Amino acid sequence: MYVVILAGGSGTRFWPLSRKLHPKQLMSVFGGKSMLQRTVERVLPLNPKRILVVTNHLQAEETRRQLEYLRGVRVEVIEEPLGRNTAPAICLAATLIARHDPEAVMAVLPADHFIRDEDEFCATIQKGREAALNGYLVTLGIAPDRPETGYGYIEADKELRGEGPYPVKRFVEKPDRERALEFLAADTFYWNSGMFLWRTDVILDQLVAHMPELARAFAGITFSPDIWEPADLAPQIEAVYAMVRGESIDYGVMEKADNVAMIPAAFGWSDVGSWSALPDVMESDTAGNVVIGASETVIADATGCIVRGEKLMALVGVRDLVVVDTPDALLVCARERAQEVKKVVEELERRGLKRYL
C-alpha cells in the first residue's frame, strides 16, 4: 500500500498563527510535533511501500525540513505549482504510483486531521484496503454525534450489510441545522472525513470516465519509471496545472461513480477546522477554557475561551472568546464565529497587506 498525504491547504481559519508559508498542517497545534509529522508517523505501522506528500510549492521547503528526521522512511514531497483542490493532487499522485505499481492500493489522507485512537485508525485502514483490492472506491465515514453544519455527509445503504463496507447512496453538501438534525436521527448518515482508499488503476479509470480532461492532461506526463522525482517533472507538472481547473475528488468522481463504498470509522476524529474545534481534541480547565502556548495565563471569571499566545495572557469576565496573539497580529473573535476568521484573510488579501498573510 502507498500512502498519499494531501498537505497543500492554506489553513486560513487558523490565522494569525497559520500563514501561507506555514499553514495549519505545518503548525504545532497541540504542542510538540506538527500535524503533518503526526500524520506521517500515524501511518508508519501500516508499513507503506512509500509515502507521497503533495504540497504547494510555497510550503515544500518547510515540508521537507519537517520530515528530515524520518530516517529510513521512503517519503517523497511532490510540489504543486498552484492550488487546484483535491482531484488534480490525487490524479498527480496516482499517475506517479501507476508508473511503478499500477494495481497498488492508495490510501489518501489529509495532513491536518486529529486521530485519537491510532491503533483503531490502522485497523480501519486495513479494512478499507481489503475493500479497495476488490475494486471499490472506499471512503471513511464518521458517525455524527451532533447536528454539525460544517461537514459534508454521506448516506450509506446499511441494509443487510452488518458492519460494512456499505454502498453509498449519495453525498450531501453541508446542510442547514434542520437537515443536520434529520441526518443525526436517521442513523444512515455519516460525516465525510475526506479519507479514501482505492486501487491506482481503479481511480485512474474513474478519472478517465468522469474527469476526462484532467486524466488526459496528466497522462501526457513522461518520466523514467525507475525514479520518483526526475528533474524534468516540475516543468511538466506546472504546464498541466496551468491548463486544468480546480475540482474536489468528491464532486469530480465520488458523487458520480457507481462503485463507492463507505466504512464507518470510530477512531476519535476531528478535522480541526477552526480554533473553535480545539476543545474537542484538547483538555479544558474546569471552566471550559483551553490555553495553548502561553507560559503564564491569568483567567478570572472567564468561561469557554480559547487562548493562544507567547506572552502573559489575561482574561477577565468574558465568555466564549477566541484570543490568539502573535508577534505581528492579534485575533479576538466570538468562539461561535471562528469559521469566519477566513474573512479576515480575504480582507487582508483585498487590501494587499501581504506581510500578514
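Residue positions are given per chain, counting from 1 as you read along its sequence in written order. Local features in this predicted model are restricted to residues whose pLDDT is 70 or higher, and side-chain atom pairs enter the listing and the counts only when it is 80 or higher, whereas totals over whole chains, interfaces and linings include all residues. As a convention, hydrogens and water are excluded, and side-chain values are obtained from all of the structure's heavy atoms.

Pairing between strands is defined by DSSP: at least two bridges between them are needed. Only DSSP runs of H or I reaching four residues or more are called helices, and only runs of E reaching two or more are called strands; each is numbered from the N terminus. Ordered in space as β12-β14-β16-β17, the four strands form an open sheet in which the pairing is mixed. If you trace the sheet from one side to the other, it starts and ends with β12 (290-292) and β17 (329-334), each paired once. Each neighbouring strand pair of the sheet contributes to a mean axis angle of 5 degrees, computed without reference to strand direction. Judged from the three bridges that link them, strand β14 (residues 306-308) and strand β16 (residues 321-326) form a sheet pairing that is parallel. Looking across to β16, one finds that R308 is bridged to V324. The convention used is that axes are lines fitted to C-alpha atoms, helices contributing only their stretch in contact, and that angles between N-to-C directions extend from 0 to 180 degrees.

So, about unusual backbone geometry. Omega for the peptide link from W15 to P16 comes to 10 degrees, which places this bond in the cis form. With respect to the secondary-structure elements, P16 resides in the loop between β1 (2-6) and α1 (35-43). A positive phi angle, close to 70 degrees, is found at D187, a residue other than glycine. Checked against the element boundaries, D187 lands in the loop between α5 (177-186) and β9 (189-199). For V272, which is not a glycine, the phi torsion comes out positive at approximately 45 degrees. Among the secondary structure elements, V272 is positioned in the loop between β11 (269-270) and α10 (278-281). Partly exposed describes any residue whose relative accessible area lies between the buried limit of under 20% and the exposed limit of over 50%, with all areas from a 1.4 Å probe on protein chains only and scaled to the type maximum. For V272, a relative accessible area of 0% translates into the label buried.

With that settled, the discussion passes to the packing of aromatic side chains. We call Phe, Tyr and Trp rings a pair once their centres come within 6.5 Å, taking the six-membered ring for Trp, and we label the pair stacked below 30 degrees between planes, edge-to-face above 60, and tilted otherwise. According to the stated counting rule, one finds nine aromatic pairs in the structure shown. Ring geometry for F121 against F267: centres 5.5 Å apart, planes inclined by 75 degrees, an arrangement best described as edge-to-face. Linking F121 in helix α4 (residues 118-133) with F267 in the loop between β10 (260-265) and β11, this pair joins segments that are 146 residues apart in sequence. For F121, a relative accessible area of 2% puts it in the buried group. Taken together, the ring pairs in this structure connect Y151, W191 and W269 into an aromatic cluster. Geometry around F121 places R42 over its ring, the cationic atom sitting 6.0 Å from the centre. By the criterion adopted, a ring carries a charge over it if an Arg CZ or a Lys NZ lies within 6 Å of its centre and within 35 degrees of its normal.

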